Amino acid sequence: MAQIETIMKRHGGLWEHVVNWPNLIRAARKARRGKRGRHCVQHFEFNQESELVRLQQELANGTYQPGKFRTHWIRIPKPRLISAAPYRDRVIHHALMNVLEPILDRHFHPHSYACRSGKGTHAAATRLQMLMGKYRYALQCDVRKFFPSIDHDVLKDLFRRLIKDRSTLQLMDLIVDSSNPQESVTAWFAGDDLFTPAQRRRGLPIGNLTSQWFANWMLTPLDYFVTRVLGIGAYVRYCDDFVLLHDDPEALKDATNKIREFLASRRLQLHEGKLAVRPTRCGLTFVGYRLWSTHRILRKENVRRFRRRAAWLRRAYARHELRWNDVRTRLASWIGHAKQANSVRLLRRLSREWVFVRGGGHNVARSARRVVEQQSTELPRRVPQQERARQPEQQHRVPCLPALSADPTGTTPGIPALKGAGSEALKVQSPAPVPPANHRRPNVRRRAGRRW
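The present account deals with the structure reproduced in this document. (Residues numbered from 1 in each chain as written. Predicted model: local features only at pLDDT ≥ 70, side-chain atom pairs only at ≥ 80, totals over all residues. Heavy atoms only, no water.)

1. Some thoughts on the overall build of the protein
Phase 1 of the analysis: Scanning the protein for helices and strands turns up 19 helices and 9 strands.
Phase 2 of the analysis: Taking as baseline every contact in the protein between residues at least 6 positions apart, the subset at least 24 positions apart corresponds to 73%.
Phase 3 of the analysis: Accessible surface for the protein amounts to roughly 24400 Å². Of this, 50% is attributable to carbon and sulfur atoms. (Helix = DSSP H or I, 4+ residues; strand = E, 2+ residues; numbered from the N terminus. Contact = heavy atoms within 4.5 Å. Areas by Shrake-Rupley, 256 points an atom, 1.4 Å probe, with all protein chains shown as cover.)

Structure, rendered in structure tokens:
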């Protein structure tokens, strides 16, 4: 840690940049991005000038106080408490990060990929794949309940190692102290007594812009500890998930104990259930992908969740609860994520299920394999495959490659008009008569695979 402190420069004179008028205008534009239809945003924008003047005066006078959070729990992929700050507080968060972001980004480790322009999950996966082709073993680590476990005093101390502007530090401390109660995490560290965990405040709200950057800054000393003190340069971190690679598994096991001690000095713990040294040839699960040095695929759970979401989108679109532009945007977002993996055949198979029709009775969910098998069983027996006429499509499906596009002439935007109405559009012909016993049944599954 001494090596890090010697190269770190403290920054001052930031408060004037935080509270000046152009920065507040820029913060308001960033905060409203993608949320203009919400009532709180419209109310703030209608009185934008007076609202920003009041915020500027409160910041200058030191009377600014954050409001109460709106919270809700999500259960997938695991239980998390999501907190949303009032809109005027979000404008303040953007105004602060407009000034702090270039400073923090300059001091982040080069192989930290969360919350940074030009980084992200895809760049982290690419970096890890490159390292997996050079090293034989990987140590994958995860911090146990990271956001609820962040100690406020430790985080404030890290602020003061980088910032020396008193007014800016007071605003940063106020944002941290105003955090709502998070998921309870009880842990004792060296020097604690029985009541220490109850006396120290912990946790940052998941959902705040500042929480993402502060949490990333919290683990920056770990990055330099691994690469400079332990001497393991093959390293990738995305938020609280990080991977170390080496040719010697014993070196990785020894690094595990040292990392555990280093995190304990910051009052953090490793997730022991996710701690393992694995051969890189067996693949790793990281940032939503299954990775090998030569290719990557989507996680099965990721695909299952999206299929459930696509089924919900079909039902909502049929009930006129969603517009076609909303559906197309959500599909395109996941397709963009899936295209970063080797998933062309998967996208073609899933696109058979993306049938969006207004009204009831058209959104029957059927898997692509089942559709192909039904079409194969409808073909007449004892006819060579090359002489069989191609069956007409039973459904009109949304294309996934190339990207989705809108069709203003069709009855449904972006989808050709269906031939027939009601259940007639999805009707499947009755199967052919059963062939004689001595007739060899064709390999339907194999033929279906060829058609794909």
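2. Examining a nonpolar patch on the surface
Phase 1 of the analysis: On the surface, Trp188, Leu194 and Phe195 cluster together to form a nonpolar patch covering roughly 390 Å² of accessible area.
Phase 2 of the analysis: Within the fold, Leu194 resides in the loop between helix H10 (166–177) and helix H11 (196–199).
Phase 3 of the analysis: You can call Leu194 exposed: its relative accessible area is 61%. (Patch = residues over 30% accessible without salt bridge, like charges linked within 9 Å, V, L, I, M, F, W, Y side chains within 5 Å. Salt bridge = Lys/Arg side-chain N within 4 Å of Asp/Glu carboxyl O. Buried < 20%, exposed > 50% of the residue type's maximum accessible area, 1.4 Å probe, protein only.)

3. A look at the packing of aromatic side chains
Phase 1 of the analysis: Applying the stated criterion across every chain, the model contains 12 aromatic pairs.
Phase 2 of the analysis: Their ring planes at 75° and their centres at 5.2 Å tell us that Phe44 and Tyr87 sit as a pair that is edge-to-face. With Phe44 in helix H4 (residues 39–46) and Tyr87 in helix H6 (residues 87–107), this pair connects stretches of sequence that are 43 residues apart.
Phase 3 of the analysis: By relative accessible area, which is 4% here, Phe44 ends up buried.
Phase 4 of the analysis: Taking 6.0 Å as the distance between ring centres and 70° as the angle between the ring planes, the aromatic pair formed by Tyr317 and Trp324 counts as edge-to-face. Neither Tyr317 nor Trp324 differs from the other in exposure class; each is buried.
Phase 5 of the analysis: Clustering of aromatic rings is evident, with ring pairs tying together Phe108, Trp213 and Trp217.
Phase 6 of the analysis: Over the ring of Tyr113 we find Lys119, and its NZ or CZ is 4.9 Å from the ring centre.
Phase 7 of the analysis: One Lys or Arg, Arg358, reaches over the ring of Tyr317 and ends 3.9 Å from the middle of that ring. (Phe/Tyr/Trp six-rings, centres within 6.5 Å; stacked < 30°, edge-to-face > 60°. Lys NZ or Arg CZ within 6 Å of the ring centre and 35° of its normal.)

4. Observations concerning the sheet that holds strand S5 (residues 241–246)
Phase 1 of the analysis: In spatial order, the strands read S4-S5-S3-S6; together these 4 strands make up an open sheet with antiparallel pairing. A strand with exactly one partner marks an edge of an open sheet, and here the two such strands are strand S4 (235–238) and strand S6 (276–279). Taken over all neighbouring pairs, the strand axes of this sheet differ in orientation by 20° on average, direction set aside. (Pairing = 2+ DSSP bridges. Axes fitted to C-alpha atoms, helices over the stretch in contact; angles between N-to-C directions.)

5. Observations concerning the packing of H6 against H10
Phase 1 of the analysis: Contact pair H6 / H10: the axes reach a minimum separation of 12 Å and the direction vectors enclose 130°. By the angle between their axes, H6 is oblique relative to H10. In this structure, H6 crosses over H10, and the sense of that crossing is left-handed. In this structure, H6 contributes Ile92, His93, Leu96 and Leu100 to the contact, and H10 contributes Thr168, Leu171, Met172 and Ile175. (Parallel < 35°, antiparallel > 145°, perpendicular 65-115°, else oblique. Left-handed = near helix turned anticlockwise from the far one by under 90°.)

6. Examining unusual backbone geometry
Phase 1 of the analysis: Phi is positive for Arg267, which is not a glycine, with a value near 60°.
Phase 2 of the analysis: By the secondary structure assignment, Arg267 is in the loop between helix H14 (249–265) and S6.
Phase 3 of the analysis: One non-glycine residue, Val287, lies in the positive phi region at around 45°.
Phase 4 of the analysis: Mapping Val287 onto the fold places it in the loop between strand S7 (284–286) and strand S8 (289–291).
Phase 5 of the analysis: You can call Val287 buried: its relative accessible area is 18%.

7. Here's the deal with the pairing of strand S2 (residues 80–84)
Phase 1 of the analysis: In this sheet, S2 lies alongside strand S1 (residues 70–74) in antiparallel orientation, the contact comprising 5 bridges. Bridging from a neighbouring strand, His72 pairs with Ile82 of S2.

8. Observations concerning the nonpolar core
Phase 1 of the analysis: If you look at the biggest cluster of nonpolar residues, it comprises 68 residues, and the most contacted ones within it are Phe146 and Leu244.
Phase 2 of the analysis: Tallying contributions element by element places H6 first for this core, with 10 residues.
Phase 3 of the analysis: Other than its neighbours up to four places away in sequence, Phe146 contacts Ala215, Met218, Leu219, Cys239, Asp240 and Leu268.
Phase 4 of the analysis: One finds Phe306, Val327, Leu331 and Ile335 within the second-largest nonpolar core, a separate group that totals 36 residues. (Core = buried A, V, L, I, M, F, W, Y, C linked by side-chain atoms within 4.5 Å.)

9. A word on the packing of helix H13 (residues 220–229) against H14
Phase 1 of the analysis: The interhelical angle for the contact between H13 and H14, taken along N-to-C directions, is 150°, at an axis separation of 11 Å. The angle between H13 and H14 falls in the class roughly antiparallel. Read as a crossing pair, H13 and H14 show a hand that is right-handed. Between H13 and H14, the residues in contact are Pro221, Leu222, Phe225 and Val226 and Lys258, Ile259, Phe262 and Leu263, respectively.
Phase 2 of the analysis: A class-by-class count of the residues in the contact of H13 with H14 yields 7 nonpolar, no polar and 1 charged. (Nonpolar A, V, L, I, M, F, W, Y, C, P; charged D, E, K, R; others polar.)

10. Some points on the environment of Pro22
Phase 1 of the analysis: Within the secondary structure, Pro22 is located in helix H3 (residues 21–31).
Phase 2 of the analysis: For Pro22, a relative accessible area of 58% gives the class exposed.
Phase 3 of the analysis: Sequence-wise, Pro22 and Ala95 are 73 residues apart; in three dimensions their C-alpha atoms are separated by 9.7 Å.

11. Digging into the sheet that holds S8
Phase 1 of the analysis: Here 3 strands make up an open sheet; going across it, the order is S7-S8-S9 and the pairing antiparallel. If you trace the sheet from one side to the other, it starts and ends with S7 and strand S9 (296–298), each paired once. Pairwise comparison of adjacent strand axes, ignoring direction, gives a mean angle of 30° for this sheet.
Phase 2 of the analysis: Pairing analysis gives 3 bridges linking S7 to S8, with the strands arranged antiparallel. Paired with Leu284 across the bridge in S8 is Leu291.

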